[in-house]
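Report on the structure
For reference, the chains in residue letters:
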Amino acid sequence: MSISRRQAAAALSALPLAVAAAPAAAAAGGRSGRPERSPGTVHIAGDSTAADKYASAAPETGWGMALPFLLRKGIAVANHAVNGRSSKSFIDEGRLAAVLGVIRPGDLLLIQFGHNDEKSADPTRYTEPWSTYQDCLRQYVKGARDAGARPVLLTSVERRKFDAAGDAVATHGDYPAAMRALAAAERVPLLDIQAASLALWQRLGAEGTEPYFHWLLPGESPNYPDGVSDNTHFHPPGAIAVARLVARSLRDERVLAPGDTRRLDEEIPASWLSWLDD
């Protein structure tokens, strides 16, 4: 059963204020309880904003490439995110089943989809936020729990878009609200990366955010001889910044203990990141 806007509002209003602001479950290691034991592996199911990138795409960078540097040694990151996938196509291609085949009790499954769910012209990827999107996300949640792992929902990181007044503009429509409602109803920890990234882009401003995103002048990179102007994907500074938002939220929502994160306020050199061989 899908959750309507009215049901979502009712569910959120019934929660204590602190929980309504960031829904999480004690049983799932959320804000209302202590963290469970540290995970052996943090799995990422998501799209191109999180995915590992090949050398031929550099300097395009997914935030999942930077996350290991923000988690303590001993916590592995398995990045299953793939370019162009939605919550639906990731399932239909058998990718969720593959993740659930390797996930282990106590692991975390970070679930961030939305960018490609919005593509209404593509029936292989499109989901409607208050019905099929929630239905798909519920499969990730159930699958992780059935495997003894802990699901964590992440609203989609925001694109780089500013209005004429210089204010950062939200671009994901109802998808973040639909995920927040599902997290509240299913009592799943929620990392509100959409809100956190929008606030970060606002602080940095239109010019300040450009180095974070996939912008290159003609001739600046042999991989992009004609240049590129991409307000969705990241260069290393952006990927590191978003990974930092994820790690800090994992700590603040008590999904992870404070000792499970590191370098939250330290510089991470871009040279630490590595791209896959083509």
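Residues numbered from 1 in each chain as written. Predicted model: local features only at pLDDT ≥ 70, side-chain atom pairs only at ≥ 80, totals over all residues. Heavy atoms only, no water.

**A look at the packing of aromatic side chains**
This model, assessed by the stated rule, comprises 9 aromatic pairs. Joined through ring pairs, the aromatic side chains of Trp-201, Tyr-212, Phe-213 and Phe-234 make up one cluster. (Phe/Tyr/Trp six-rings, centres within 6.5 Å; stacked < 30°, edge-to-face > 60°.)

**Re the side chain of Ser-86**
Looking at where Ser-86 falls in the secondary structure, it is placed in the loop between β2 (76-79) and α3 (87-92). Ignoring anything within four residues of it in the chain, the contact list for Ser-86 reads Phe-113, Asn-116, Asp-117, Thr-124, Arg-125 and Tyr-140. (Helix = DSSP H or I, 4+ residues; strand = E, 2+ residues; numbered from the N terminus. Contact = heavy atoms within 4.5 Å.)

**Things to note about helix α5 (residues 132-146)**
Spanning 15 residues, α5 covers 21 Å between terminal C-alpha atoms, matching the ideal 21 Å at 1.5 Å per step. When we look at burial in α5, the residues that qualify are Tyr-133, Gln-134, Cys-136, Leu-137, Arg-138, Tyr-140, Val-141, Gly-143 and Ala-144. Of the surrounding elements, those touching the buried residues of α5 are β1 (41-46), α3, α4 (95-102), β3 (108-112), β4 (150-154) and α6 (175-186). Following α5 by one or two positions, Gly-148 adopts a phi angle in the positive range, close to 85 degrees. (Expected span 1.5 Å × (residues − 1). Buried < 20%, exposed > 50% of the residue type's maximum accessible area, 1.4 Å probe, protein only.)

**Brief notes about the confidence of the model for the protein chain**
Do not read the fine detail of predicted coordinates wherever pLDDT is low. Of the residues in the protein chain, 87% have a pLDDT of 70 or more, and the chain-wide mean is 90. In this model residues 7-29 is a low-confidence stretch, pLDDT under 50, and it forms 45 contacts with partners more than four residues away in sequence or in other chains. (pLDDT = per-residue confidence, 0-100.)

**Considering the nonpolar core**
If you look at the biggest cluster of nonpolar residues, it comprises 40 residues, and the most contacted ones within it are Trp-63, Leu-67, Leu-110, Trp-201 and Val-246. Taken together, the elements giving at least two residues each to this core come down to β1, β3, β4, α7 (193-209) and α8 (236-252). Sorting elements by how many residues they give to this core places α8 first, with 9 residues. Setting aside chain neighbours within four positions, we find Trp-63 in contact with Ile-44, Thr-49, Ala-50, Leu-110, Gln-112, Leu-154, Ala-239, Val-242, Ala-243 and Val-246. Listed in part, the 27 residues of the second largest apolar core include Ile-91, Tyr-140, Tyr-175 and Val-188. (Core = buried A, V, L, I, M, F, W, Y, C linked by side-chain atoms within 4.5 Å.)

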